[in-house]
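Listed here are the chains, written in short residue letters.
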Amino acid sequence: MSNPAIEIENLSKEYPTGFLHLKTKKSLADLTMQVQEGEVFGFLGPNGAGKSTTIKLLMRLIFPASGTARILGKSIDDVKMHQSVGYLPEQPYFYDYLTATEVLDYFARFHGLTPNDRRLRVEMMLKKVGLETARKIQLRKYSKGMLQRVGLAQAILHDPQVVVLDEPMSGLDPLGRREVRDIILELKREGRTVLFSTHILSDAEMLCDRVGVIVGGKLRGVGTAGEIVGMKTEGMEILFELRCNKNDSPLVSRATRTGERYRLQLPEDELYATLEELKAAGARILSVTQIKPTLEAFFMNLVEDDRAQASAVEVS
Amino acid sequence: MKNVYTVATNTFREAVRDRVLYNLVFFALLMMGAAILVGQISLGIEQSVIVSLGLTAISVIGLFIAIFIGVSLVSKEMDKRTLYALLAKPVERWEFLLGKFAGLVMTLTINTAVMALGLYVALWTVKHPLQSSDVYILVAVYLILLKLAILVALALLFSCFTTPFLAILFSAGIYVAGVFAQNLRTMQTVDIAPAAMRILKAVSYALPNFENFNVMGAVSHGRVVPGALVAHATLYAVAYCAIVLAEAAAVFSRRNLK
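Not measured: the values here are computed from a predicted model.

### A look at the interface of chain B and chain A
Each partner contributes residues to the interface: chain B has 29 residues there, and chain A has 31 residues. Summed over both sides, the interface of chain B with chain A buries roughly 3000 Å², with 54% coming from carbon and sulfur. For chain B, the biggest contributors to the area lost against chain A are Arg17, Lys89 and Pro90 of chain B; these three give 21% of the whole. Linking chain B with chain A are three salt bridges. Close ionic contact of Asp18 of chain B with Arg140 of chain A constitutes a salt bridge, the shortest N to O distance being 3.7 Å. Within the residue set of the side of chain B that touches chain A, elements represented by two or more residues are α1 (2-17) and α4 (82-87) of chain B.

### As for the sheet that holds strand β9 (residues 210-215) of chain A
Adjacent strands of a sheet form backbone hydrogen bonds with each other and so pair up, either parallel or antiparallel. All names here are of chain A. Taking strand neighbours across the sheet as the criterion, the six strands line up as β6-β7-β8-β3-β9-β10 in an open arrangement whose pairing is mixed. Since the sheet does not close on itself, it has two edges, and those belong to β6 (85-88) and β10 (218-223), each with one partner. Pairs of neighbouring strands in the sheet enclose a mean axial angle of 15 degrees, with direction left out of account. Sheet topology note: the β9/β10 ladder contains five bridges and is antiparallel. Bridging across to β10, Val211 finds its partner in Gly223. Against the sheet, helix α4 (residues 144-156) contacts β6 and β7 (162-166), and its axis sits at roughly 170 degrees relative to β6. This element, helix α5 (residues 174-189), spans β3 (40-44), β7 and β8 (193-198) of the sheet and lies at about 150 degrees to β8.

### As for empty space enclosed by the protein
Residues and elements named next belong to chain A. For the structure shown, the criterion picks out one cavity of 30 Å³ or more. As a volume, the largest cavity reaches approximately 40 Å³. Lining of the largest cavity is provided by Lys128, Val129, Arg149, Leu152, Leu172, Gly176, Glu179, Val180 and Ile183. Elements that contribute at least two residues to the lining of the largest cavity include exactly α4 and α5. Grouping the constituent residues of the lining of the largest cavity by class yields five nonpolar, one polar and three charged.

### Some words on helix α6 (residues 136-159) of chain B
For α6 of chain B, which comprises 24 residues, the first-to-last C-alpha distance of 35 Å matches the rise-based estimate of 34 Å (1.5 Å per residue) to within 8%. Extensive coverage of α6 of chain B is indicated by the burial of 20 of its 24 residues.

### Focus on the environment of Lys23 of chain A
All names here are of chain A. Structurally, Lys23 is set in strand β2 (residues 23-36). Residue classification places Lys23 among the exposed positions, given a relative accessible area of 61%. Ignoring sequence-local partners within four residues, the contact set of Lys23 consists of Tyr15, Pro16 and Thr17.

### Details of a nonpolar patch on the surface
All names here are of chain B. Among the surface-exposed residues, Phe161, Phe165, Leu166, Leu169, Phe170 and Val251 lie close enough to one another that they form a single nonpolar patch of about 540 Å² accessible area. Looking at the nonpolar patch element by element, the count peaks at four residues for helix α7 (residues 164-179). Here Val251 lies in helix α11 (residues 227-253). Since its relative accessible area comes to 32%, Val251 is described here as partly exposed.

### Quick look at the environment of Leu123 of chain B
Residues and elements named next belong to chain B. Take Leu123: it is sitting in helix α5 (residues 93-126). A relative accessible area of 0% places Leu123 in the buried class. Sequence spacing of Leu123 and Ser48 is 75 residues, and the spatial spacing of their C-alpha atoms is 9.6 Å. Apart from residues lying up to four places away in sequence, Leu123 is in contact with Gln47, Ile50, Val51, Leu130, Asp134 and Ile137.

### Focus: the nonpolar core
Ile50 and Leu55 of chain B are the most contacted members of the largest nonpolar core, which totals 161 residues. Apart from the residues within four sequence positions on either side, Leu55 of chain B is in contact with Leu119, Ile137, Ala140, Val141, Ile144, Met216 and Val219 of chain B. If you look at the next biggest cluster of nonpolar residues, it comprises 14 residues, including Leu242, Ala255, Leu278 and Ala283 of chain A.

### A word on unusual backbone geometry
The phi angle at Arg60 of chain A is positive, at roughly 55 degrees, despite the residue not being glycine. Classification of Arg60 of chain A by relative accessible area gives buried; the value is 9%. For Arg81 of chain B, which is not glycine, the phi torsion reads 65 degrees and is therefore positive. Its place among the elements puts Arg81 of chain B in the loop between α3 (46-79) and α4.

### Here's the deal with helix α9 (residues 271-280) of chain A
All names here are of chain A. Along α9, the residues classified as buried are Leu271, Thr274, Leu275 and Leu278. Buried residues of α9, viewed axially, fall in a sector of 100 degrees; they line one side. The exposed set on the far side of α9, more than 90 degrees from its buried face, consists of Tyr272, Ala273, Glu276 and Ala280. Among the structural elements, β11 (235-241), α8 (250-254), β13 (261-266) and β14 (284-291) are those in contact with the buried residues of α9. One or two steps after α9, the chain reaches Gly282, where phi turns positive at roughly 85 degrees.

Scoring rules and cut-offs
Residues numbered from 1 in each chain as written. Chains lettered and ligands numbered in written order. Predicted model: local features only at pLDDT ≥ 70, side-chain atom pairs only at ≥ 80, totals over all residues. Heavy atoms only, no water. Contact = heavy atoms within 4.5 Å. Buried area = accessible area lost by both parts, 1.4 Å probe. Salt bridge = Lys/Arg side-chain N within 4 Å of Asp/Glu carboxyl O. Helix = DSSP H or I, 4+ residues; strand = E, 2+ residues; numbered from the N terminus. Pairing = 2+ DSSP bridges. Axes fitted to C-alpha atoms, helices over the stretch in contact; angles between N-to-C directions. 1 Å grid on protein atoms, 1.4 Å probe; cavity = no way out; pocket = protein on both sides within 12 Å on 5 of 7 lines; lining within 4 Å. Points joined across faces, edges and corners; volume = space filled by probe spheres on them. Nonpolar A, V, L, I, M, F, W, Y, C, P; charged D, E, K, R; others polar. Expected span 1.5 Å × (residues − 1). Buried < 20%, exposed > 50% of the residue type's maximum accessible area, 1.4 Å probe, protein only. Patch = residues over 30% accessible without salt bridge, like charges linked within 9 Å, V, L, I, M, F, W, Y side chains within 5 Å. Areas by Shrake-Rupley, 256 points an atom, 1.4 Å probe, with all protein chains shown as cover. Core = buried A, V, L, I, M, F, W, Y, C linked by side-chain atoms within 4.5 Å. Arc of directions from axis to C-beta.

Put into structure tokens, the structure is as follows:
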């Protein structure tokens, strides 16, 4: 079993609210989770769920009310930890008076690279994110997507073992998103650990070894996309053929017909009785499958539950 | 200290690219106008007028840069979120602050040095050749620079915990109070209760005493500035900046970014 690259223990964050800051609002509650070395971990949640808060806590941009975290065994309070970690902020913005080459060279200096190494790494990164031709343009003239690419380049500039990306697909067109996906997959092939937050579920399903779903500041599930959605089964689906059209079984009227095939969805406990009934009606059973919710459905259920709970609290 | 140097040089580059040094054009025009005017209307007091005007302009322009850009050093980085990527590098927060401070002091040094050169040119046009005592103009410029360094440190401290607008108000307020700090220290009055007087004295010692850096009167009349005064002012400025920057670092080290 691989070692954890990121370990989060009981991490909580509160923000002061109100005019005098006398009240507090919890934006993250006792978050405990691990990201294993070499895995791509997707951090899913709606806006305001606590994804960026968690990432900012890991990057020591904000400080926790309680709890600890380690990256590659080093406490997040240890600034040397950042030598092996790359970070892309959400909607990144850089010094707009610099060119892409200058901004990458600037960041590379903090990693103690020699001038020659800096030049080589900067060239390599510009090529990787497709900004070779725009390298001498000041960032104030860059589009949002181009800034996102600069952000990605500075995050992986120093060859980090752990890469933390906050909404890396945000602001990108389909081509840009595909390029970012390719970079994440390349990082995985190189054995690096990637933690990225997103609310684009298809990206998470496509890229992640495991995902964590966070809603309302609480972690609601961690596992592979399959494990997450497999936590509950929504029923069974029977696919069958019926040659005789004149069948008046109520089951047939409940089924959805496509050509000669019928698709029938039913609760799990009714499966065996229904199969017997279909057999008696002369149906040929083609397949029986479990209906599992998609990640999107699982995600939406959680969000709706959370909203319902919040409004129940408000009413009471 | 390598990180401090990297942040400082970038801060200087930002000031240059954001055209902060354009104020030099204004200064040059002011000095040229003054030289022409003084040459026509002053009799025997050309040096005094030109030096006073030049040093005042250097001080006022420097004050604006120190306060306005000093406050924006941290607040702009937080508002625009350029700080996020930087603080996720192996950089201590105090290194960032010290780099920002050093970068603006570097900008002010170059700005002030060019203005001092302009002052000498203006002086030369109304009174040539220059005299050996004119070298003390440089001492006055150096002391102005020390005063500006203290203001940058204060602006940096205020911007670490309050809004830019309030930080500008606080910095300007401290500057005005600091100009009168010496008067507060030596004030003798019977109308104030002894306890209040003690508090007032304590406050006057906490305020930066900008009178330590004011040799404009002496220099404009060609008088000598004692070396001891320069050494004292230097030590005072270094110690004051160190204390204020340490406070700023302490505040900023636990500051949550937005």
